[in-house]
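Breakdown of the fold
Below are the chains, spelled out letter by letter.
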Amino acid sequence: MKRRSNLKSSERNTQLVNSAKKLKDTEDFGATSISCPNSKYTAVLLKGKVQLRQEETKGVKSFPADKRQGRILCHALTTDFFHYGTDSGHVVCVLLKDGKTVSSFTHTVGVREVFPAQRGKHLVFTDEKKSGYLLSTSTESDSCLELPDFSPTITGVLWDSWHPERGVFAAYDHEKVYVYALHKLTIHGSWVSLVGSECLHPSKKPMSLENGVLTCQLASGQTSKLTLSTHSYLKQAGSSSSKLSKQLTRAVMLNRLDEGLDLVRTHTKERLVKKLGKACLIHMEVELAIQVYQLSQNVSMVSSLEAIRGMEEYKLLAGHLAMFLGEYNLAQDHYLSSSCPLAALEMRRDLSHWEKALKLAKDLAEDQIPYISKEYAAHLEQTGDFLKALAHYKNGLTHNNQEHNEACQAGVARMLITLGDIRGGVAKAIQHPSRVLKQECGALLESMRQLSQAARLYETGQYYDQAALVYMQCKDWANVGELLPHVSSLRTHQRYAKAMEANGKFKVAAQAYKRAEDWDNLTRILLDHLNNPEAAVHVVRQTKSKEGAKMVARFFLLLKNYDSAIRILVLCQCNDEAFKLAQEHRQVEVFAEIIGAEATQDDYRNIALYFEAKKNHLQAGYYFHLGEQYRGALENLLMCDSTEGGLAVDMAIEVVCQAKDIYLTDQLIEYLTGKTDSKPKDPVHLFRLYMALQRHTEAAHVAISIAREQLCSGNYRVSHNLLFKMYRELLDCKTDIPAEMSTNLMLLHSYLLARIHVKRGDHLKAAHLLTRVSENIRMFPAHVVPILTSTVIECQRAGLRNSAFNHAVTLMSPDNRKQIQQKYRKKIEDIVRHPHKSEVVDDMTPCPVCGSLLPQNELLCTSCKSNLPYCIATGQHMLREDWSVCPHCDFPALHSQFLLLLKTEKACPMCSQTLCADEVKKISDCSKYLATANLNRRTMASP
């Protein structure tokens, strides 16, 4: 298509020449050049002038319009513009539409060739010196940039038609192609860079350039395409760091920063990211720069760029970006040219470039000079340039900012002192309201060994601790004494106390030691110099000082007051020293009494060994026990004599329980059962041991044995209480209760309850209860005849004559007859001789388990074979509808009968706890009591 267009253009030029009429013969003053890139306009250069003809209107315009521009040496047409260059150096751009001059640039020498971009914004021209330049005609003031490394043999220039706004073009001659790029908007202004060059075959004539692909015409008329090396990275995937770096460099030089971003995203390397980020800042691509620095997680830079995003003013934006790049002079130039020149001053202040900041402040903001001077002075003070700092502090004084002036005056005071003007500096520091300044100046004077002046400033600034220390260095004890009430430093008080002690002022020293909380030295002064042991003891008691306690103990030893010496040592936890002292003076008993529960395991062991050596086995066992030396404790306790046996055994039981050692437990059991010495001990001890070990089954058997002995001895209340306690223990531990225990407790309770009902006059209940007891009379061997006698009498009174007869027959047996009391013998004989078999029938009530009817005093249901819970108030079996329990022992009782009993009795007949009728509540649902009741015949035998 392009070749066809060129042929048509050539034909039109030929027709134009042929159609011309000959007017006259003239002399040839120059060559002829025809430019016709489109069908609308034709430009003909003839003898230094150009005839521009519009094809539609046939109108012709002649250039140059101004003869002063000289002769036209070159020209070029684009779609919208006409460009020409003259021998006087003028480069003119004319708008084809109206023929008006758009821009005009004057070069120093004549212009040989012009190569405009298609849109007319940029133009490359060469001059008579064979140098090349790029002229931008789109800006308000035309800018002309010299092309670097421009070859003098260049014959043509082609502009890249792919994104022409990027300003990429190629200049070529017969041997090479040179690729250039225009960097128009950067912090350094506009410049043109040589991207690269490539050799060109002489037979190839460049015709067009698009995206780095150069289209050339061969001698044969055909075309070929050549990808320039400057753009070859677009088709090559780099892997090594060097290749990636070269690719990124080319992308930046060709103004393809977006492609550079894609490159670093694919290969995230810190060096490449930094390189691209810098390029984005130089080219003022803020949005791209933010994305690049986000890749490197440079939070501070991203934050700074976010703050200037959207800024439109070129100079101000360029200043910020130059500052980010560290080009501060360039940034300053941009700031000063912008609408905000004060930004340059702020930058210099932030960078601590004080000299430059002051120079800028003189031109831009004189009111800021005092503040900059103050900051500069502070910087100079830190760097040690005190004389210059003093001058700037003075220059910083103003009349309208008190806080600022105080800071400057403080600086003046410090500098005067540092430079040797002590009097002037101290005077200014005293007049200054700041306490901190007085401390700073005091420290300066102290370092300069001006101690009196330093102490004066410390005291004026109310830094009493430091003032007191400096006065001490001056040995000015009077001033130190005046300051002590205000001094909080314990070290200062201590130093003062030592000085007073050295001067023999012991009372003053004691007071100072007390304020210093130096209790050991205070105790020493009180004992050695003031002879005040009471105060010393008080100090030691309050402070628990070990060294102080030792000093007081030594004082009491001199007085042979061992008890007080041991006591004070124990009080301060000097147990080793106290025990050693007690051993030396045979006061271990006193030591043991004093130390009490505060002793350590080692202390208890030492005491126990002492008593063991003295054959005091009870005390040795006791302290071995406290020291958790259980074997030693048990051995000593079992060696105690009979006078200490009960206490020793109780202590041995406690030892075994805490030790939880099977060997020790067996050893104690063998001792209690007599296996070790063939002397069985009181079974009560064995019972207590089993209870402490929570071996309830063995404890129950022992309790039954003890209760049996008590029964045989006639101690029914003791036996009852023992069985009741054991019964409750087993219930609480959810352990099966032995049948013998349950039966014995029920019979003992029936006997004791019968006595209550006899006293109340309820002979029927008493008769039934005594009948139950008499049927098991073998369990009451000590009172067989009295119990049978009472049973006969109560049955006779209650109308149970057949029962009375049966028990009377038993009573009149040869073994029992002689023991009957004389007053009852005849009556009992009459009952036997004249029997009456009538019997009051027992009421029938339902079984609480199955509901079957049975006699109310029967405790074994014949239907469900269950042993029924009995009422502790009557001995009768329980009823569901009349259920209650004792709130203390939780044993069941018929609610109506329990209330009736409590009208005359004040305690529960089972647990003997005081009880009133209001505390007994009727229970509507007794299921849980029946479920937990011991109804299994294997655990309780029916009486």
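Refer to the structure printed above.
One structure accompanies this document, and this report is about it. These figures come from a predicted structure and were not determined experimentally. (Residues numbered from 1 in each chain as written. Predicted model: local features only at pLDDT ≥ 70, side-chain atom pairs only at ≥ 80, totals over all residues. Heavy atoms only, no water.)

1. Let's talk about the overall build of the protein chain
Counted only if it meets this: Counting from the N terminus, the helices are the DSSP runs of H or I reaching at least four residues and the strands are the DSSP runs of E reaching at least two. Only the protein chains shown count as cover for residues, with accessible areas throughout obtained via the Shrake-Rupley method and a probe of 1.4 Å.
Each helix and strand counted, the protein chain has 42 helices and 24 strands in total. When the accessible surface of the protein chain is summed, it comes to about 48,900 Å², and 49% of that surface belongs to carbon and sulfur atoms.

2. Considering the pairing of strand 3 (residues 49–54)
Convention followed: A strand pair is defined by DSSP finding two or more bridges across the two strands.
Alignment of strand 2 (residues 41–46) against strand 3, held across 6 bridges, turns out to be antiparallel. Bridged to Thr42 within strand 3 is Arg53. Here strand 2 hands over to strand 3 after 2 residues, with Lys47 in that stretch at a positive phi of 55 degrees. The sheet contact formed by strand 3 and strand 4 (residues 60–63) spans 4 bridges and is antiparallel. Directly across from Leu52, in strand 4, lies its bridge partner Lys61. Between strand 3 and strand 4, which pair antiparallel and follow one another directly, the connecting turn spans 5 residues, one of which, Lys58, has a positive phi of 60 degrees.

3. Examining the sheet that holds strand 11 (residues 132–136)
Operational definition: Helix axes are fitted to C-alpha atoms over the stretch in contact, other axes to C-alpha atoms as well, and angles between N-to-C directions run from 0 to 180 degrees.
Spatially, 4 strands are ordered 9-10-11-12 in an open sheet, and the strand pairing comes out antiparallel. Sheet topology places strand 9 (111–116) and strand 12 (143–146) at the edges, where each strand pairs with a single neighbour. Here the strands of the sheet are splayed against their neighbours by 25 degrees on average, with no regard to which way each runs. Note that strand 10 (residues 122–127) and strand 11 share 5 bridges and pair antiparallel. Across the sheet, residue Phe125 finds its bridge partner in strand 11, namely Tyr133.

4. Remarks on the packing of helix 17 (residues 464–473) against helix 19 (residues 490–502)
Our working definition: Roughly parallel means an angle under 35 degrees; roughly antiparallel, over 145; roughly perpendicular, 65 to 115; everything else is oblique. By convention, the crossing between two helices is left-handed when the near helix turns anticlockwise from the far helix through less than a right angle, and right-handed when the turn is clockwise. Any two residues whose heavy atoms approach within 4.5 Å are treated as being in contact. Ten residues, namely Ala, Val, Leu, Ile, Met, Phe, Trp, Tyr, Cys and Pro, are considered nonpolar, four, namely Asp, Glu, Lys and Arg, are considered charged, and the remaining ones, Gly among them, are considered polar.
The contact between helix 17 and helix 19 brings their axes to 10 Å, and the two run at 25 degrees. By the angle between their directions, the pair helix 17 and helix 19 is classed as roughly parallel. The two elements helix 17 and helix 19 meet at a crossing, and its hand is left-handed. In this structure, helix 17 contributes Asp465, Ala468, Leu469 and Met472 to the contact, and helix 19 contributes Arg491, Thr492, Arg495 and Tyr496. Class assignment for the residues of the contact of helix 17 with helix 19 results in 4 nonpolar, 1 polar and 3 charged.

5. Thoughts on the packing of aromatic side chains
Rules: Note on ring pairs: Phe, Tyr and Trp rings are taken, using the six-membered ring of Trp, and paired if centres are within 6.5 Å. Classes follow the plane angle, with under 30 degrees stacked, over 60 edge-to-face and the rest tilted. Working definition: with a 1.4 Å probe on protein chains only, accessible area under 20% of the residue-type maximum means buried, over 50% means exposed, and in between means partly exposed.
As enumerated under the stated definition, the model contains 14 aromatic pairs in all. Note on Phe63 and Tyr84: the rings are 6.0 Å apart at their centroids and 40 degrees apart in plane angle, and the pair reads as tilted. In this pair, Phe63 is assigned in strand 4 and Tyr84 in strand 6 (residues 81–86), connecting sequence segments 21 residues apart. Of the two residues, Phe63 and Tyr84, both sit in the buried class.

6. Some remarks on the nonpolar core
Note the cut-off: Put simply, a nonpolar core is a bunch of buried Ala, Val, Leu, Ile, Met, Phe, Trp, Tyr and Cys residues held in one set by side-chain atoms that sit within 4.5 Å of each other.
Of all hydrophobic cores here, the largest spans 108 residues; its most connected members are Leu668 and Phe780. With 10 residues, the top contributor of residues to this core is helix 35 (residues 739–760). Each residue touching Leu668, except ones within four places of it in the same chain, is listed here: Leu634, Leu638, Ala652, Ile653, Val656 and Leu689. Counting residues in each nonpolar core, the second largest holds 53 residues, with Leu248, Val273, Cys280 and Ala365 among its members.

7. Side note on the environment of Gln619
Tracing the chain through its elements places Gln619 in helix 28 (residues 617–626). For the pair Gln619 and Ala608, spaced 11 residues apart in sequence, the C-alpha to C-alpha distance is 7.0 Å.

8. Here we look at the environment of Val426
By the secondary structure assignment, Val426 is in helix 14 (residues 422–431). Remark: the alpha-carbon pair of Val426 and Leu416, spanning 10 residues in sequence, is separated by 8.6 Å. Ignoring sequence-local partners within four residues, the contact set of Val426 consists of Ile417, Leu445, Gln453, Arg456 and Leu457.

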